[in-house]
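Next come the chains, spelled out residue by residue.
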Amino acid sequence: MRKSILLAFVLWMSAFGSSVAAQTIAEKDHNFKVAKNLETFSSIYKYLDMMYVDTLDADEVIGNGIKAMLRSLDPYTVYYPEENVKDLDLMISGKYAGIGALIRYNLALGNAVIDERYENMPAAEVGLRKGDIILSIDDSIMTGKPVAYVSEHLRGDAGTRFVLKVRRPTTEKVMKFKLTRRTIQMPSVPYYGLQENGIGYLNLNSFTTNCAKDVRRAFLAMKREGMKSLVFDLRNNGGGSLQEAIDIVNMFVPKGLTLVKTVGKLQPANKEYKTKVEPIDTLMPIVVLVNGETASSSEITSGSLQDLDRAVILGTRTYGKGLVQAPMDLPYNGNLKLTTGKYYIPSGRCIQAINYKHANGGYIEHVPDSLTRLFHTANGREVRDGGGIKPDIEVLPDSLPNIAFYLASTGRDSTEVMLNWELKYIKKHPTIAPARNFMITDADYEDFKQMVLKSGFKYDRESKKFMEGLVKLAKFEGYYEDAKAEFDALDKKLSHNLAKDLDYNKQTLKQLLTADLVSAYYFQRGSIENSLQFDKQWKEAVKLLSQPERYRDLLAPIPVAKSDKSETKAK
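Definitions and limits used
- Residues numbered from 1 in each chain as written.
- Predicted model: local features only at pLDDT ≥ 70, side-chain atom pairs only at ≥ 80, totals over all residues.
- Heavy atoms only, no water.
- Helix = DSSP H or I, 4+ residues; strand = E, 2+ residues; numbered from the N terminus.
- Contact = heavy atoms within 4.5 Å.
- Areas by Shrake-Rupley, 256 points an atom, 1.4 Å probe, with all protein chains shown as cover.
- Polar contact = N/O pair within 3.5 Å; in protein donor to acceptor, adjacent residues only side chain to side chain.
- Buried < 20%, exposed > 50% of the residue type's maximum accessible area, 1.4 Å probe, protein only.
- Arc of directions from axis to C-beta.
- Salt bridge = Lys/Arg side-chain N within 4 Å of Asp/Glu carboxyl O.
- Pairing = 2+ DSSP bridges.
- Core = buried A, V, L, I, M, F, W, Y, C linked by side-chain atoms within 4.5 Å.
- Axes fitted to C-alpha atoms, helices over the stretch in contact; angles between N-to-C directions.
- Phe/Tyr/Trp six-rings, centres within 6.5 Å; stacked < 30°, edge-to-face > 60°.
- Lys NZ or Arg CZ within 6 Å of the ring centre and 35° of its normal.
- Parallel < 35°, antiparallel > 145°, perpendicular 65-115°, else oblique.
- Left-handed = near helix turned anticlockwise from the far one by under 90°.
- Patch = residues over 30% accessible without salt bridge, like charges linked within 9 Å, V, L, I, M, F, W, Y side chains within 5 Å.
- Lys, Arg positive; Asp, Glu negative; His and termini not counted.
- Charge placed at Lys NZ, Arg CZ, Asp CG, Glu CD.

Attention now moves to the overall build of the protein chain. Secondary structure summary: the protein chain contains 17 helices and 24 strands in total. Excluding contacts between residues fewer than 6 apart, the proportion of contacts in the protein chain whose partners are at least 24 apart in sequence is 70%. In the form shown here, the protein chain has an accessible surface area of approximately 32,200 Å², with 55% of it arising from carbon and sulfur atoms.

Before going further, it helps to spend a moment on the side chain of Thr294. Mapped onto the elements, Thr294 comes out in the loop between strand E15 (286-290) and helix H8 (297-307). In this structure the side chain of Thr294 is engaged in a polar contact, spanning 3.0 Å, whose partner is the backbone nitrogen of Asn291. Apart from residues no more than four positions distant in its own chain, Thr294 is found in contact with Leu234, Arg235, Asn236, Asn237, Glu299, Thr318 and Tyr319.

On to helix H16 (residues 536-545). Of all the residues in H16, the buried ones are Gln537, Trp538, Ala541, Leu544 and Leu545. Each buried residue of H16 sits inside an arc of 120° when the element is viewed along its axis, so together they form one side. Taken together, the buried residues of H16 touch strand E11 (199-203), strand E12 (229-233), E15, strand E16 (312-315), strand E23 (393-394) and helix H17 (548-555). Capping the start of H16 is the job of one residue whose side-chain oxygen sits 3.1 Å from the backbone nitrogen of Gln537: Asp535.

Should the charged atoms of two oppositely charged side chains come close, the side chains can pair. On inspection of all chains with the given rule, the structure shows 25 salt bridges. Here Asp442 makes a salt bridge to Lys506, at a shortest N to O gap of 3.3 Å. On the criterion of sequence distance, the pair formed by Asp442 in helix H11 (residues 442-455) and Lys506 in helix H15 (residues 506-531) is long-range, its members being 64 residues apart. Among the ionic pairs, Asp442 bridges to Lys510, the shortest N-O distance being 2.8 Å. With Asp442 in helix H11 and Lys510 in helix H15, this residue pair connects regions lying 68 residues apart in the sequence. Relative accessible area serves as the criterion here: at 44%, Asp442 is assigned to the partly exposed category. One network of salt bridges, in which partners are shared, links Arg104, Asp115, Lys130 and Glu416.

Turning next to the pairing of strand E3 (residues 101-106). Two strands pair when backbone bridges link them, and E3 and strand E4 (residues 111-117) are joined in this way by 6 bridges, in the antiparallel orientation. Note that in E4 the partner of Tyr105 across the bridge is Ala112. Adjacent in sequence and paired antiparallel, E3 and E4 are bridged by 4 residues, among which Gly110 carries a positive phi angle near 70°.

Here we come to the nonpolar core. Core analysis: the biggest nonpolar cluster contains 41 residues, and Leu202, Leu204, Leu230, Phe232, Ile248 and Val288 have the highest contact counts within it. Going through the elements one at a time, helix H6 (211-224), E12, helix H7 (242-250), strand E13 (258-264), E15 and H8 are the ones with two or more residues in this core. If you tally residues by element for this core, the top one is H6, at 6 residues. Excluding its chain neighbours within four sequence positions, the residues that come into contact with Leu230 are Gly200, Tyr201, Leu202, Phe219, Met222, Phe252, Met284, Pro285, Ile286, Val287 and Leu545.

Turning to the sheet that holds E23, a few remarks are in order. Across the sheet, which stays open at both edges, the 6 strands sit in the order E10-E11-E12-E15-E16-E23 with mixed pairing between neighbours. In the strand order of this sheet, the two ends are held by strand E10 (191-194) and E23, each with one partner. Bridging between E11 and E12 involves 5 bridges; their strand directions are parallel. Counted as the bridge partner of Gly200 is Leu230 from E12. Contacting E11, E12, E15, E16 and E23, H16 crosses the sheet at an angle of about 160° to E15.

Moving on to the packing of aromatic side chains. Here a ring pair, both rings aromatic, is described through the centre-centre distance and the interplanar angle of the planes. On inspection of all chains with the given rule, the structure shows 7 aromatic pairs. For the pair Phe219 and Phe252, a centre-to-centre distance of 5.3 Å together with 70° between the ring planes defines the contact as edge-to-face. Placement of the pair is Phe219 in helix H6 and Phe252 in the loop between H7 and E13, with a sequence separation of 33 residues. Of the two residues examined, Phe219 and Phe252, each falls in the buried class. Ring centres 5.7 Å apart and planes at 75° place the aromatic pair Trp421 and Phe448 in the edge-to-face group. A residue pair is termed long-range when its members are at least 10 positions apart, and Trp421 in helix H10 (residues 417-428) and Phe448 in helix H11 qualify at 27 residues. Judged on exposure class, the residue Trp421 and its partner Phe448 are both buried. Clustering of aromatic rings is evident, with ring pairs tying together Trp421, Tyr425, Tyr445 and Phe448. Residue placement shows Lys145 over the ring face of Tyr149; its charged tip is 5.1 Å from the ring centre.

For the pair H10 and H15, interaxial distance at closest approach is 11 Å and the crossing angle is 50°. Here H10 is positioned oblique relative to H15, judged by the angle of their axes. With respect to the hand of their crossing, H10 and H15 are arranged in right-handed fashion. Between H10 and H15, the residues in contact are Met418, Trp421, Glu422, Tyr425 and Ile426 and Leu513, Asp516, Leu517, Ala520 and Tyr521, respectively.

A cluster of nonpolar side chains, contributed by Ile44, Leu48, Tyr52 and Val53, occupies part of the molecular surface with about 390 Å² of accessible area. Position of Tyr52 among the secondary structure elements: in the loop between helix H1 (2-51) and helix H2 (58-71).

Time to look at the side chain of Thr262. Here Thr262 is to be found in strand E13. The exposure class assigned to Thr262 is buried, which follows from its relative accessible area of 5%. Within the local environment of Thr262, its side chain forms a polar contact with the backbone oxygen of Ala269, the two atoms lying 2.8 Å apart.

Among the surface-exposed residues, Asp57, Asp59, Glu60, Glu82 and Glu83 lie close enough to one another that they form a single negatively charged patch. Within the element layout of this structure, Asp57 appears in the loop between H1 and H2. Residue classification places Asp57 among the partly exposed positions, given a relative accessible area of 43%.

Residues apart from glycine generally show negative phi values, whereas peptide bonds are mostly found in trans. The phi dihedral of Asp138 is positive, around 55°, even though this residue is not glycine. Despite not being glycine, Asn236 has its phi angle at roughly 65°, a positive value. Tracing the sequence through the fold places Asn236 in the loop between E12 and H7.

Below, the structure written as structure tokens:
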């Protein structure tokens, strides 16, 4: 017996020693490869710098090498040299110093113009308007300059002053405005408000610093007004701060729950994020709106509320970003936003939808539904990993017709007819009805239609493109002559008729024009408030919250069979 035990121990030690030795060899081999390639890279650049026929810009050449290296990893690992670190700061904080306006390039004019102003910010306060053509900033001519160039000159240190010269297209007057740059905090909650039947609406568009406090204030304000249920809109929210997401979920679930675990290669990357304070409401019915642009911290928020059966998720499947980034300081004031791990939400699932492979320069691989794993919510409902957050109720949004994209386009052949009509409307109407129920009239739309018809506006109809492709294919395969009569009849029905298309898509185009006009009068908050009257997903959320029994049934506990004991469950 002793001999057997001794022999087993010797064999185990031998295997353990072999494993350690193999691991040591592998580490040495890895370290050698790292040193070899870094030395080779350095030698190559030294020869280039010394002997290449042209003088090289080190920042450009080596910078391109760094970018190529990072491109083989994932799109979230990004190098920020000193001159671009401010972009990372803006992403994290949502703050910058400027005038508080979005600008766009008007190709018909060949110039940058004011497109949208932020409420209570310098651009709005001095009287700049939508469509104003930017001519100069102090002594720098802006005529014909690209948007990035103009934007760079509009931004600067808070408190600095400059003179902006514009031409107002509705009057053709050249005007000068004295502006003082200010720290611009992009609103994380651009609109919230109590709607009919005690249903509150809250739009969160980014997880920037202190956004959880903004959400808390908005929620409590609506609750004081009599809110009985909440629609929390996370559509098009690309995420941001993980801690802000934890703090927001904590408002609606008990203290002491583990919401997120991050797991990486090194121990410091492995963390648990728990709810640390008492919630403000654990009972109010909540519907969270999501779509394909709901990502990262938005998915942590919606996924945690789903895993804990605290809210119904409605809309379309989310983006699927389950990777964690951390900023790393670099020499010479640079920064590296580095992917350090993956995060896992309460049920234990990671919702990362794409695997980033690093061989052959890097490539991506979508996780097929067949390879996703089954998990369970706190109440036993089935959820899956590997593909974003799948909504409890799928509601597809209305799609925009092709003509709408062309009318709103700033592309090469754009006539800017939509913008021109909106500017004409604004000139004639100093004020409009409240944002909540404003809508342009049929007479207004008819005026717009006639302006489009007279403008020379053209666009490619997708049906016509497919028709032309089908004709070519039929001719190639020899079927065209036999079916020529049918092709001719179909071609006649698909003939380009702009007036007919404008009539057919009247309702959608009226909504687009209305949205643009409302943002000019009532800023972003007004545009969001106005859009609810047309919003299909919002209406479905209201319908669900008006049916308490259906809402409860969607989140009700589901008995888990004994055979499912091995599956994970939110705790």
